[in-house]
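One-letter residues, chain by chain:
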Amino acid sequence: MRDRLRAWYNEELSGMEEFLNTEERPDATRVERKSAVRRWQEQLLANPEMQREIQIRQKRYHTLYRVVAVFSCILFIAVMLYVIAHFPRFGFENPRADVVARRYLDEGLKETGAVNIVAAMILDYRAFDTLGESFVLFTALVCATILLRMGTRDKEGTMCPVNTFNTSLDNILNGVGFFLIPCILVFGVYIVLNGHLSPGGGFSGGTILGSALIILSAACGFKTTDRIFTYKRLNILSFAALGFYSLSKGFVFFVGANGMHNPIPKGIPGAILSGGLILPLNIAVGLVVACTMYGFYSLFERGRIGHA
Amino acid sequence: MLSTLLHNYQEAVAIVLFAIGFATLLFQRNLIRKLIGMNNMDAGLFLFLTSLGYIDGRKAPILEGTKTVTDAYINPVPSGLVLTGIVVSVSVTAVMLALTVRLYKRYHTLDMDEIYAMTLKEREERF
Amino acid sequence: MTLLEVFKIILLILLIVCAIGVNLTKRLLPAIIIFMAYSTIMAVVWALLESPDLAVTEAAVGAGITSILFFLTLRRLGREALIDPADEQEENPEADSAQEGDS
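Remember, it's a predicted structure, so these values are computed and weren't measured experimentally. (Residues numbered from 1 in each chain as written. Chains lettered and ligands numbered in written order. Predicted model: local features only at pLDDT ≥ 70, side-chain atom pairs only at ≥ 80, totals over all residues.)

*Asks:* How do you make sense of the overall build of chain C when you look at a structure like this?
*Replies:* For chain C, the count of helices and strands is five helices and zero strands. Taken from the N to the C terminus, the helices and strands of chain C come in the order α-α-α-α-α. Looking at chain C as a whole, 39% of its 103 residues are labelled buried. Taking as baseline every contact in chain C between residues at least 6 positions apart, the subset at least 24 positions apart corresponds to 47%. (Helix = DSSP H or I, 4+ residues; strand = E, 2+ residues; numbered from the N terminus. Buried ≥ 20, exposed ≤ 12 C-beta atoms within 10 Å, placed from the backbone. Contact = placed C-beta atoms within 7 Å.)

*Asks:* What's the story with the overall build of chain A in this structure? I'm lost.
*Replies:* A tally of regular secondary structure across chain A gives 11 helices and zero strands. Starting at the N terminus, the α and β elements of chain A follow one another as α-α-α-α-α-α-α-α-α-α-α. Within the span of chain A, comprising 308 residues, buried residues form 30% of the whole.

*Asks:* Got a minute to help me understand the interface of chain B and chain A in this structure?
*Replies:* One frequently used descriptor of interface size is the decrease in accessible area upon assembly of the parts. Taken together, the contact pairs 45 residues of chain B with 47 residues of chain A. By residue number, the principal contributor to the side of chain B that touches chain A is helix α4 (residues 76-107) of chain B, which donates 16 residues. Here the residues of the side of chain B that touches chain A are counted per class, giving 28 nonpolar, 13 polar and four charged. (Nonpolar A, V, L, I, M, F, W, Y, C, P; charged D, E, K, R; others polar.)

*Asks:* In this structure, what is going on with the interface of chain B and chain C? I would like to understand it.
*Replies:* Listed as interface residues are 34 residues of chain B and, on the opposing side, 30 residues of chain C. Of all elements in the fold, only α2 (9-27), α3 (31-53) and α4 of chain B reach the threshold of two or more residues within the side of chain B that touches chain C. Take the side of chain B that touches chain C: its biggest share by element is 12 residues, from α4 of chain B. A breakdown of the residues in the side of chain B that touches chain C according to their chemical character gives 21 nonpolar, 10 polar and three charged.

*Asks:* Would you mind showing me how to read helix α5 (residues 112-126) of chain B here?
*Replies:* Since one α-helical turn is 3.6 residues long, residues separated by three or four positions face the same way. Along its 15 residues, α5 of chain B runs 21 Å from first to last C-alpha, staying within 8% of the 21 Å computed at 1.5 Å per residue. Counted residue by residue, α5 of chain B has zero buried out of 15 residues, so it is predominantly exposed. (Expected span 1.5 Å × (residues − 1).)

*Asks:* Which parts of the structure should I look at to understand α4 of chain B?
*Replies:* With 32 residues, α4 of chain B extends 47 Å between its outermost C-alpha atoms, agreeing within 8% with the 46 Å of an ideal straight helix rising 1.5 Å per residue. Backbone geometry just downstream of α4 of chain B places His108 of chain B in the positive-phi region, at approximately 55 degrees.

*Asks:* Looking at this structure, I do not really get the packing of helix α10 (residues 231-257) of chain A against helix α11 (residues 278-302) of chain A. What am I missing?
*Replies:* Think of two packed helices as two axes; the pair is described by the angle between the axes and how far apart they sit. Residue and element names in this part refer to chain A. Two elements in contact, α10 and α11, have axes whose closest approach is 9 Å; the angle formed by their N-to-C orientations is 150 degrees. Considering their axes alone, α10 and α11 lie roughly antiparallel with respect to each other. In the crossing of α10 with α11, the sense of the turn from one axis to the other is left-handed. In this structure, α10 contributes Leu234, Leu237, Ser238, Ala241, Leu242, Phe244, Tyr245 and Ser248 to the contact, and α11 contributes Pro280, Leu281, Ala284, Leu287, Val288, Cys291 and Gly295. (Axes fitted to C-alpha atoms, helices over the stretch in contact; angles between N-to-C directions. Parallel < 35°, antiparallel > 145°, perpendicular 65-115°, else oblique. Left-handed = near helix turned anticlockwise from the far one by under 90°.)

Right, here's the structure in full:
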């Protein structure tokens, strides 16, 4: 079989040379030569034996792909189960790995003034990480804007209507939204402001605020939210929040690195005005997240934010 | 060894979830299903990390009163890591979905193999 | 074994069932709804694992925003994207023509 194929292939190869020689003229341009090669390729593909060979190869590739994929999944599970079997038992303390956690739990309240150690960790000890993550959110919004707004304008520059279904006429949505939206907004603000005292913080509270805005624009139509959230205002809000985060945290880093006294008061633990910079940073992160979530919804719903 | 594995069933479930997500990513040809598989992988990984920080009989790291007793709270480090991870995963998903919308607008299919074949044909036609 | 632990094991089994169920559905809409259920179960598991921060975030992000984004994407893609090609062949031609007329 293989020999036959090879012989056939050599024959075809000489055929190609012949083909090129007959086609080739001294004044032939590059495009003409290319089209000659393509015609030869089409002839080759029209050969039933060649087609069968291609089909066989495709099938063989698919079988190989499946086998390798299944094998890699099973190998992954086996290796990881072996690793897990040598882990410390679930639910027991692992003293070697808990050095950092111990430090956070012992000194966290004294050093940051926040009762919620997770908030103290992500907004004080690892604040630089969280800054990067806020920028990831903002960058994702910018990318989605670029991807989804391209091609929504026609040649004259007017916006093409994306297939939107007007939900603002729905009585049930309107009625439920009338009662639900204030509750969700209050809950979101509570979670953002109490990030250093109770579970939650900028990320979860910001998402809840964003979902309240989403329900508002779904229940009352985009006219209502467009009055508050134009494209420009959304950008300014995100930019102000990110700028405030960068500047304030940069100030703290500068002060700390040079061994100066940190002028930001820690406050009494447990009070709402405590935890140093954690409360304002929570608000900044919450604003960025809420803007991003509403922006995603608006972009996917109708291809633009605000009127622009 | 096997008793430890049985005791660590939660990590095992997390690994199985990760593997199911990986298999979804490999075998499904629909782009949206691939994205769901990627989210499954994320969730499995987060479950694995959180399981490592859990300590039996201890509470969430929200200190009660001003005095701290270290042996009363679970490990806060995985929680903080996973919290950042969840929000990054949603932004990645949004960008991927936007790319999917663009691909569908151009090729009018969600099938990954068909899209690949069409890009090959396009590249040929460009010459 | 306490009652809470039994509850947690049931939830973990449900997680695996949901993760496999995504692959078994024929249409995309049920797959996304199953993924939504998966995220909600995940939030409960995290509440059981003593990390309420994660539970709140996952309930808002995973079950809320991500699913909404998936739904909106499906609506933007239009009606014909929701039907798998394999599924399309099984339907009778009348239903096909009715769908074309709608869209």
